[in-house]
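Fold and contact review
Listed here are the chains, written in short residue letters.
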Amino acid sequence: MDLLGNLALGFSVAASATNLGFCLLGVFVGTLIGVLPGIGPVATMAMLLPATFHVQPVSALIMLAGIYYGAQYGGSTTAILARVPGEASSLVTALDGYKMALKGRAGAALAIAAIGSFFAGTVSTLLVAMFGPALSKVALQFGPSDYFALMVLGLIAAIVLASGSLLKAVMMILVGILLGLVGTDPNSPLPRMSFDVPALAEGINFVCLAVGLFGLSEIIFNLEKEIIRPQAIPFRDLMPTREEMKAATPAILRGSLIGSALGILPGSGALLASFSAYAVEKRISKTPERFGEGAIEGVAAPEAANNAGAQTSFIPLLTLGVPSNAVMAVMAGAMAIQGITPGPQVMVKHAELFWGMIASMWIGNLMLVILNLPMIGLWVKLLQVPYRLLYAAIILFCCIGVYSINSAVFDVYLTVAFGILGYILIKLEFEPAPLLLGVILGPLMEENLRRAMLLSRGSLSVFWERPLSLGLLLAAAALLMVVLLPSLRQARDTLKEE
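Quick notes on the rules
Residues numbered from 1 in each chain as written. Predicted model: local features only at pLDDT ≥ 70, side-chain atom pairs only at ≥ 80, totals over all residues. Heavy atoms only, no water. Helix = DSSP H or I, 4+ residues; strand = E, 2+ residues; numbered from the N terminus. Buried < 20%, exposed > 50% of the residue type's maximum accessible area, 1.4 Å probe, protein only. Contact = heavy atoms within 4.5 Å. Areas by Shrake-Rupley, 256 points an atom, 1.4 Å probe, with all protein chains shown as cover. Axes fitted to C-alpha atoms, helices over the stretch in contact; angles between N-to-C directions. Parallel < 35°, antiparallel > 145°, perpendicular 65-115°, else oblique. Left-handed = near helix turned anticlockwise from the far one by under 90°. Nonpolar A, V, L, I, M, F, W, Y, C, P; charged D, E, K, R; others polar. Salt bridge = Lys/Arg side-chain N within 4 Å of Asp/Glu carboxyl O. Polar contact = N/O pair within 3.5 Å; in protein donor to acceptor, adjacent residues only side chain to side chain. Expected span 1.5 Å × (residues − 1). Phe/Tyr/Trp six-rings, centres within 6.5 Å; stacked < 30°, edge-to-face > 60°. Core = buried A, V, L, I, M, F, W, Y, C linked by side-chain atoms within 4.5 Å.

**Focus on the overall build of the protein chain**
Broken down by element type, the protein chain carries 22 helices and two strands. Counting across all 498 residues of the protein chain, residues that qualify as buried make up 55%. Residue pairs at least 24 apart in sequence account for 80% of intrachain contacts in the protein chain once pairs closer than 6 positions are excluded. Carbon and sulfur atoms provide 68% of the accessible area of the protein chain, an area that totals close to 21700 Å².

Now the structure itself:
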């Protein structure tokens, strides 16, 4: 009964005219940036952070959440019509979706993608509603040492699951933690690492960091690439046939479960979910040779998985206060801007926000189904606009938004500096997402470490005397060893050969 009552509260909040408007805006913008290759939800959410200063916290977070899962829908449209994935998580969809489009079944592929995403969104929303309160109750029992250990585990997991070099991921985490510590010492009025710059006395502006690192850098990098324009694709029937629905239904169910489970993991949960769901479908299929040639299951499973993964990634943030990926780090930043600390207290102190966001996810998924199919023609035409005409307007919007926060030109300079840094990191193949997680979790780790040390009078034994913090630290160590052991073995073999 508590669940039904809480969901009723959530729908009463989400169904208000203001919040419905922000939800619609979020999913529309999310679909738009999902269609446009290269921009991505992190950059868009970062660019829109300044706008969240002037609206209610619930409305702001509903809009940002809509952008995230809306981008998963939008990415599938161009993946199917033009073999140009708007989002990384739609890469797998392009394999069979585009082949279906060439056979005149683009409408069926898009319909299955929309139906699968809606069903997966419904399942994952229910899972968030069911397991969120239970996890929050557990998290309320956490002490400072437990929180510190949990954040260490989160950062280690982000390093382990990051794409590319392990060393580069560790470096990004450490740089992020250092950037997060810039400002005034929390236990004294003394500045640290601010280099006598008054504007840095309160720390590095998170909006400047996010907009520069993910917004401007992506725009600069995309100007170097040639964007493929879609060809005309024949449309016949929009709705899938009975045989296609029969084949797609179990794939949607399996994709929803896989995505819901993997979305909680740190790193690119939605991306990992879509690849895993595709691999499972191909492995269990009696005719695996159809995959890559227009198999409807190759569209249904990944699309269900990436949407489910996108929504269950909210669970660690809302219940434990630990962002699982770069998008959730931006969400955590948006909550901090509104004076809300992510974690178990959100359910207690801001119940309307927690349940309103959950209800808005289902409403947003319904809006996306209604929006996407009739507007396919618009999205295809939008792809014909040269990228060089879009970037100037986007950069102008970014600068105006950043300046409007504090009316400070320094913030604009700082954003440009982070944009240049982000571009250099991309060129050197450093993944910037761990840096953002370090910026968010670094100050929280410091705060909980100091509290634990004060309560234990400086004794480190507090970390192994409490079973929970000991278990979390052992899990972090085990994760790290899983990655380090193969690297150490390889280094040892290389030395032996020399």
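**What about the packing of helix 8 (residues 166-180) against helix 20 (residues 433-455)?**
Put simply, helix 8 and helix 20 touch, their axes get as near as 7 Å, and they point 40 degrees apart. Looking at the two axes, helix 8 sits oblique to helix 20. With respect to the hand of their crossing, helix 8 and helix 20 are arranged in right-handed fashion. Of the residues in helix 20, those touching helix 8 at Ala 169, Met 172, Ile 173, Val 175, Gly 176, Ile 177, Leu 179 and Gly 180 are Pro 434, Leu 435, Gly 438, Val 439, Gly 442 and Pro 443. Residues belonging to the contact of helix 8 with helix 20 are distributed by class as follows: 10 nonpolar, four polar and no charged.

**Re the pattern of salt bridges**
A full pass over the atoms with the stated rule returns nine salt bridges. A salt bridge links Asp 185 to Arg 450; its shortest N-O distance comes to 2.9 Å. A residue pair is termed long-range when its members are at least 10 positions apart, and Asp 185 in the loop between strand 1 (183-184) and strand 2 (191-192) and Arg 450 in helix 20 qualify at 265 residues. Among the ionic pairs, Arg 450 bridges to Glu 446, the shortest N-O distance being 3.5 Å. A residue pair is termed a helical-turn pair when its members lie 3 or 4 positions apart in one helix, as Arg 450 and Glu 446 do in helix 20 at four residues.

**Comments concerning the packing of helix 9 (residues 206-222) against helix 20**
At a minimum axis separation of 11 Å, helix 9 and helix 20 run at an interaxial angle of 175 degrees. Taken together, helix 9 and helix 20 sit at an angle that is classed as roughly antiparallel. Contact with helix 9, carried on its side by Phe 206, Leu 209, Leu 213 and Phe 214, involves Ala 433, Leu 435, Leu 436, Val 439 and Ile 440 of helix 20 and no other residues of that element. Tallied by class, the residues present in the contact of helix 9 with helix 20 amount to nine nonpolar, no polar and no charged.

**Regarding the side chain of Thr 93**
Looking at where Thr 93 falls in the secondary structure, it is placed in helix 5 (residues 91-102). In terms of polar contacts, Thr 93 uses its side chain to reach the side chain of Glu 303, at 2.6 Å. Each residue touching Thr 93, except ones within four places of it in the same chain, is listed here: Ser 76, Ala 79, Ile 80, Tyr 98, Gly 298, Val 299, Pro 302 and Glu 303.

**A few points about the environment of Ala 201**
Within the secondary structure, Ala 201 is located in the loop between strand 2 and helix 9. Taking the C-alpha atoms as reference points, Ala 201 and Pro 191, 10 residues apart in sequence, are found 6.4 Å from one another.

**Comments concerning helix 2 (residues 17-35)**
With 19 residues, helix 2 ought to run about 27 Å at 1.5 Å a step, and its terminal C-alpha atoms sit 27 Å apart, in line with that. All buried positions along helix 2 are accounted for by Asn 19, Cys 23, Gly 26, Val 27, Val 29, Gly 30, Thr 31, Ile 33, Gly 34 and Val 35.

**Describing the packing of aromatic side chains**
Under the definition given, this model contains six aromatic pairs. A ring pair is formed by Phe 148 and Phe 463, whose centres lie 5.4 Å apart and whose planes are at 50 degrees; its orientation type is tilted. Of this pair, Phe 148 sits in helix 7 (residues 144-161) while Phe 463 is found in helix 21 (residues 462-465), placing the two residues 315 residues apart along the sequence. Each member of the pair, Phe 148 together with Phe 463, is buried. Their ring planes at 80 degrees and their centres at 5.1 Å tell us that Phe 354 and Trp 355 sit as a pair that is edge-to-face. What makes Phe 354 buried here is its relative accessible area of 0%. Aromatic ring contacts, followed pair by pair, group Phe 11, Phe 118 and Trp 362 into a single cluster.

**Details of the nonpolar core**
Looking at soluble globular proteins, one finds that nonpolar side chains tend to be buried together. By size, the foremost hydrophobic cluster in this structure holds 103 residues, and its most contacted members are Met 45, Leu 49, Leu 64, Phe 314, Met 331, Met 357 and Leu 436. No other element matches helix 16 (residues 351-372), which puts 11 residues into this core. Beyond its immediate sequence surroundings of up to four residues, Met 331 is in contact with Met 45, Leu 61, Leu 64, Ala 65, Phe 314, Leu 317 and Met 357. If you look at the next biggest cluster of nonpolar residues, it comprises 24 residues, including Met 100, Ala 101, Ala 248 and Ala 251.

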